[in-house]
Structures are given as structure tokens and as C-alpha cells.
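Descriptive analysis of the structure
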Amino acid sequence: MDCSTFVLFGATGDLAKRKIIPALFELFLSQKLPTPFSIIGSSIIEYTDDVFHDHVKSSIDSFSHHSSSDPKMSDFLHLIRYCKVDVTKDLEYERLYSLIKAQETALHISENRLFYLSVAPQFFGVIVKKLQESKIVQTNGWKRLLIEKPFGHDVTSARDLNEKLSRVFDEEEIYRIDHYLGKPMVQNLETLEFANPVLQTLWNNEYIANVQITASEIVGVEKRAAYYEKAGAIRDMFQNHLLQLLMMFSMHFPNGFSAKNIRQEKRKVMEAVRPIKKEDVFKEVIRGQYGPGEINGEQVIGYKKEPGVDPSSTNDTFIAARLWIDDSLWKGVPFYIRTGKRMKEKSTRIVIEFKNTKYNKQTEPNLLEIGINPESEVSLQLNSRNPLKEGEIEPIHVDFTPEQRGIPEAYENILVDALEGDATFFAHWKEVELSWQLVQPILEAFEENLVPLHDYSSGSYGPKAAHILLEEDGFFWWSIDNKNEKEDIDKDG
Ligand SMILES: NC(=O)C1=CN([C@@H]2O[C@H](COP(=O)(O)OP(=O)(O)OC[C@H]3O[C@@H](n4cnc5c(N)ncnc54)[C@H](OP(=O)(O)O)[C@@H]3O)[C@@H](O)[C@H]2O)C=CC1
Ligand SMILES: O=C1O[C@H](COP(=O)(O)O)[C@@H](O)[C@H](O)[C@H]1O
């Protein structure tokens, strides 16, 4: 890994505190950061290095399993300097430039510079422009841009943002973060599929009846109403994380496992997804909004009563969709995709339902369940005779749950990959653009109220309409709480 400078814009923000700083410390402790290495934290308020170091320590105490009294803490802080930059002001970039150069000289670091934009999206374009004007990006080494979501709020704004970034950074230098791609089980999908001939043989429309991708959450909108009211589940989760899972799952065997080849295969998936016309959205997409209900024995309020939410809001906190990939592997296989807040379980998983044999009416379909979150796990449901029940056929489960302790957190993977220059698990522009193209008619149908907004109770499996979507095809959602059972929709709102 090349020695380099890591500039973190938004270093005092929520994401930096909860994810980025703890990930950097973890990588430092496991000696996965380059040496020498310079970290420059930056935000709008003037702090001394010492005050910023206190901020770093408090982030470690609150959001990592380490403590700021760790004996290695002072070595870690030694790498970190702070620089106030109001990102909208030209002159302030000069201070940043001076500090970058001073640290490069003092620590003998080549001019390899990585800029992490962990700031509100309205600043993405301006920062990149000013990095160019201030010549900070004119280096004798490499330059890279790590950029947080959201990447635009519709297809036009995403293209506009990309155009601004492309004036300064080449596509190979832009690392668009989708933290789901940093999750260990998502990074494992290609190995599961392509390194196991047993699975690879079955990974197609001859054997698979349907695929269900769920990202359900227990949390509600929390303190993010200002952002979420404009985003909804469709922009917050569906356009990015869920479509990335779809691409990772259904890409064809690449012509070699380079970032370029894998991303090319992912792009082909999106090109093959059947577009949904605005006037057909109501048939293929269900939107919902959580009402009050009970979660873990406690009563919780509905979305419209959440602080900062418009009491007459029609924002979606749940979305389910039926998608079709019209290519040689997947033609005829429905992909059911859903995400929602305030649901019964925190669970991100992919369930693959295989076509049943004609052996016996008692047999349940084989299911392959890939757990992504909260735990990485793989479970296969098979049919077997139970000698204790007069040879009755019943499903058995072959489960694999890897040791979870020590598995790197998504942001650790993201940082290491970006520092190494490996773009495999970042979203390429074409993937992002194709995702927005697919989502655009859905956004418009929502805006024009062409799709009913279903209520669902907090603590349920989402609106009944999402279950009817599968019933239309003779299927049902397999339980999200890892029992490989049909979901109990009586508990729905
Ligand atoms: N928080 C999360 O869980 C997630 C966030 N993201 C994305 O990450 C990015 C950051 O989010 P988050 O950390 O929540 O946002 P915050 O609002 O918590 O933090 C924003 C940061 O930007 C700084 N800032 C604000 N205005 C300026 C300015 N004019 N010049 C320089 N710095 C400024 C803030 O400084 P100060 O603290 O002094 O105000 C703060 O450090 C966003 O793009 C978001 O969409 C993505 C996934 C999850
Ligand atoms: O990007 C986001 O993801 C989280 C869910 O992430 P996970 O890793 O916990 O599954 C979601 O809560 C948030 O609304 C969204 O912005």
C-alpha cells in the first residue's frame, strides 16, 4: 500500500464519528494502514489539533470496541492533524494545501492524496471544483476521491454531479461508496457463486423459482427527517444498496475477477433489467409508510408523528418491487426486492427459492438463504425423511455461520480498498446511472400519486400488498427472521 495523505472532509460529522474514525483506528491497530500515513481531519469550525484529538478519542470510546486509553492511541493521534476549511471558501483551501505539503515533507510521504467527502451532498461538487482550483489535486503521485451517498436525487442530478466530478477526477479515481458493497457477505457473493460448481450449476432460471432480497430495519427515521422526507426508502435504500445486491447476486461469470470485469458484468445486469413504465409502476411496486405499533414490547409512534416529519407526509418508508432480468440466465425468474423501516426484524438477506421436484407433494422447496446483516451466514434447506416420525419428509437445514468476531466492518473494507486502489466494491458511474434510470419512473409515479401508499404497523412485516405481490405469482415471502418459514402476515398492519 502506498504511503499517502487521507483528507477527511466532514471529520466532525455523524458518519465520521460513528464509522470512519473507528474504522481508521481499527486498521491502524491491525497495521493495515500505509506507513508513513497522514490523516487530515477538516470541517467548518476552527479547532486545535488537541481539541480534534479529543473528538477522535470520544468517537473511539463511543463507537468502537476499543478504548481511547489504548496504549497505541497516542501513536494513532500522531498521524492526525486538523485543518478548518469552510468548503465554500477559496482561501481556506490554501491552508489545507499548506498543511498537506508540510506533512508530506515532515513524514516523507509521496504525493498520493485521497479525499473523502463525508459532508452534505450539496458540497460534493463545490469541493471537487475548489480542490482543482487550489491545485491540491495536482500531484506527482495518485489522487483519489471517496464520495458518500447520495449520488444525486434523480437521474438528471446524478448526471450533473458526475459531470462535475469528471472534470477533475477520472472514473478510475472516483470511489463511490455504497457501504453494502463493503459488507463481508456481499464481498463473498462472487466466491459463493463462482467457486462452488454445485451452486454455479443451479444459479439460473432452470433451477431457481424466485429470488427474494430483503433489507428490513427496526429503526424508524430517527433524527434524519430533514433528509429522509426528501429521500424515502426508494432513494435511501432501493436505488443504491438493494440494486447493488441485485447486481452482485445476478451477474454472470466475469472474464477474470478484476474490478473492470466484475463491474462490467454488474452493468450488464442493470442493462437487462426490464424497465417499468410509469403507468405500470402500481402493478410492480408497493409503497408503504409505517404507522404506530409495537417493537420489542414497546409502543412506537407512526412516521407522520416523528419529529421533523410533515403530519400529512406521503413519504415512503417501505418499498417492495418485482423485477425481471431479461437475460439468458434469469429470464422468467422474478426478483422480489423490499426494504422498510420499523419492521419486525433487522435483517438483510437474500433467499433463493429453487424449483420443486415432482418427487412428493410433501416436499418443501430447497432454499438457499444468504444472511448479510446482522450476521453473515449461509443456510440451505433440504428435504429429508425423519425416521422418528414414520419416515415423514421434513425440511432440514445445513447452516454455516462463520465466526463473527474480528470480521472487518464494512467501512474498514472500504478504506483499505480505496487506499489500495481496488475499485471492485465501489459503484461505477454506469451502475449508478442505470439504477437511476430504472428508478426514475417509480419516483415519478410516487410523486404523481399513481401508486397507493399503504399503511403498515410498526413491528410488522410490511403492508399486506407486498405479500399479495408474490401471491400473484404463487409465491410468498420467506420469513426474514431466519426460520425459513412463510411469513406470518396476520401480524401485518
Ligand atoms: N450519518 C450516516 O449514517 C450516513 C451518512 N452518509 C452520508 O455521509 C455524508 C455525511 O453525513 P453525516 O456525517 O451524517 O453529516 P453531518 O451533518 O453529521 O456532518 C457533516 C460534516 O460537514 C461539516 N460541514 C458542514 N458545513 C460545512 C462547510 N461549509 N464546510 C466544511 N465542513 C462543513 C460539519 O461540520 P460541523 O460538525 O462543525 O457542523 C460536519 O463535520 C452525507 O453525504 C451523508 O449522506 C451516508 C451513509 C450514512
Ligand atoms: O445507507 C443507509 O443504510 C442504513 C442501513 O444500513 P445497515 O448497514 O445497518 O443495513 C439505513 O438505516 C439508512 O437509512 C441508510 O441511509
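This one's a predicted model, so the numbers in the text were calculated from it and none came from an experiment. (Residues numbered from 1 in each chain as written. Chains lettered and ligands numbered in written order. Predicted model: local features only at pLDDT ≥ 70, side-chain atom pairs only at ≥ 80, totals over all residues. Heavy atoms only, no water.)

Glancing now at the overall build of the chain. Of the regular secondary structure elements, the chain holds 15 helices and 16 strands. Over its C-alpha trace the chain gives a radius of gyration of 24 Å, about what one expects of a compact globule, namely 23 Å for 493 residues. If one aligns the C-alpha atoms of the chain with their principal axes, the spans along those axes are about 75 × 50 × 45 Å. Taken across its 493 residues, the chain has 57% of its residues classed as buried. For the chain, contacts bridging at least 24 residues in sequence account for 75% of all contacts bridging at least 6. Carbon and sulfur atoms form 51% of the exposed surface of the chain, whose accessible area is close to 21300 Å². The distance from the centre of the 58 positive side-chain charges to the centre of the 76 negative ones in the chain is 3 Å. (Helix = DSSP H or I, 4+ residues; strand = E, 2+ residues; numbered from the N terminus. Rg over C-alpha atoms; globule rule 2.2 N^0.38 Å. Buried < 20%, exposed > 50% of the residue type's maximum accessible area, 1.4 Å probe, protein only. Contact = heavy atoms within 4.5 Å. Areas by Shrake-Rupley, 256 points an atom, 1.4 Å probe, with all protein chains shown as cover. Lys, Arg positive; Asp, Glu negative; His and termini not counted. Charge placed at Lys NZ, Arg CZ, Asp CG, Glu CD.)

Glancing now at the UniProt feature "domain: Glucose-6-phosphate dehydrogenase C-terminal" (unreviewed entry) in the chain. Following the UniProt record, the feature "domain: Glucose-6-phosphate dehydrogenase C-terminal" (unreviewed entry) maps to residues 192-478 here. End-to-end, the C-alpha atoms of residues 192-478 are 21 Å apart, and along that stretch the chain is 32% helix and 27% strand. (UniProt positions renumbered as here; feature names shortened; annotations may be inferred.)

Negative phi is the rule for most residues except glycine; trans is the rule for most peptide bonds. The omega torsion across T35 and P36 is -10°, close enough to zero to call that bond cis. Assignment of secondary structure puts P36 in the loop between α1 (14-29) and β2 (37-43). Across the junction of N373 and P374, the peptide omega takes the value 5°, indicating a cis bond. One non-glycine residue, K135, lies in the positive phi region at around 70°.

Okay, the side chain of S38 next. Within the secondary structure layout, S38 lies in strand β2. When neighbours within four sequence positions are excluded, S38 is seen to be in contact with S4, T5, F6, L79, Q103, L107 and I109.

Right, let's talk about α1 for a bit. Residues spaced three or four apart along an α-helix face the same direction, because each turn holds 3.6 residues. Under the 1.5 Å per step criterion, the end-to-end length of α1 is 22 Å for 16 residues, consistent within 8% with the ideal 22 Å. For α1, the set of buried residues is A16, I20, I21, P22, A23, L24, F25, E26, L27 and F28. Where α1 is buried, its residues contact β1 (4-9), β2, α2 (49-63), α3 (73-78), β4 (113-117) and α13 (410-420). Looking one or two places after α1, you find Q31, whose phi comes out positive at around 55°. (Expected span 1.5 Å × (residues − 1).)

Right, let's get into the UniProt feature "active site" (unreviewed entry) in the chain. This chain's UniProt record puts "active site" (unreviewed entry) on H241. Locating H241 in the fold gives a position in helix α10 (residues 225-250). Exposure remark for H241: the relative accessible area of 1% places this residue in the buried category. Residues within four places of H241 in sequence aside, it is in contact with K149, D178, H179, Y180 and D236. Here D178 takes part through its side chain, which lies 2.7 Å from a polar atom of the side chain of H241. (Polar contact = N/O pair within 3.5 Å; in protein donor to acceptor, adjacent residues only side chain to side chain.)

We now examine the packing of aromatic side chains. Under the definition given, this model contains 21 aromatic pairs. Plain terms: the ring middles of F249 and W330 are 5.7 Å apart, the flat faces sit at 40° to each other, and that makes the pair tilted. Taken together, the residues F249 in helix α10 and W330 in the loop between β10 (318-324) and β11 (334-340) connect sequence positions 81 residues apart. Here the two residues F249 and W330 agree in accessibility, since each one is buried. Linked through ring pairs, W203, F249, W330 and F335 together constitute an aromatic cluster. (Phe/Tyr/Trp six-rings, centres within 6.5 Å; stacked < 30°, edge-to-face > 60°.)

Taken as a whole, this structure holds 36 salt bridges when the rule is applied. Across the pair R18 and D14 runs a salt bridge whose closest N-O atoms are separated by 3.1 Å. Remark: D14 and R18 occur in helix α1; sequence separation between them is four residues, near one turn of the helix. With its nearest N and O atoms 3.1 Å apart, the salt bridge here joins E394 to K389. For K389, a relative accessible area of 44% gives the class partly exposed. Linked through salt bridges whose partners overlap, the residues forming this network are K101, E104, E111 and R113. (Salt bridge = Lys/Arg side-chain N within 4 Å of Asp/Glu carboxyl O.)

Turning our eyes to something else, we now look at empty space enclosed by the protein. Using the criterion set out here, one finds three cavities of 30 Å³ or more in the structure. In this structure, the largest cavity occupies an estimated 170 Å³ of space. Lining the largest cavity we find 17 residues, and of these F151, D178, N240, A427 and V432 sit closest to its centre. Secondary-structure elements contributing two or more residues to the lining of the largest cavity are α10 and α14 (429-447). With five residues, α10 is the largest single contributor of residues to the lining of the largest cavity. Each residue belonging to the lining of the largest cavity can be placed in one class, and the counts come to seven nonpolar, five polar and five charged. (1 Å grid on protein atoms, 1.4 Å probe; cavity = no way out; pocket = protein on both sides within 12 Å on 5 of 7 lines; lining within 4 Å. Points joined across faces, edges and corners; volume = space filled by probe spheres on them. Nonpolar A, V, L, I, M, F, W, Y, C, P; charged D, E, K, R; others polar.)

With that settled, the discussion passes to the layout of surface pockets. Empty space within the second largest pocket amounts to approximately 310 Å³. Taken together, 17 residues line the second largest pocket, and the ones lying closest to its centre are L202, F354, N366, L380 and L382. Listing elements by their share of the lining of the second largest pocket, those giving two or more residues are α9 (197-202) and β14 (377-386). When residues in the lining of the second largest pocket are grouped by element, the largest group, four residues, is from β14. Along the lines of polarity and charge, the residues of the lining of the second largest pocket split into 10 nonpolar, six polar and one charged.

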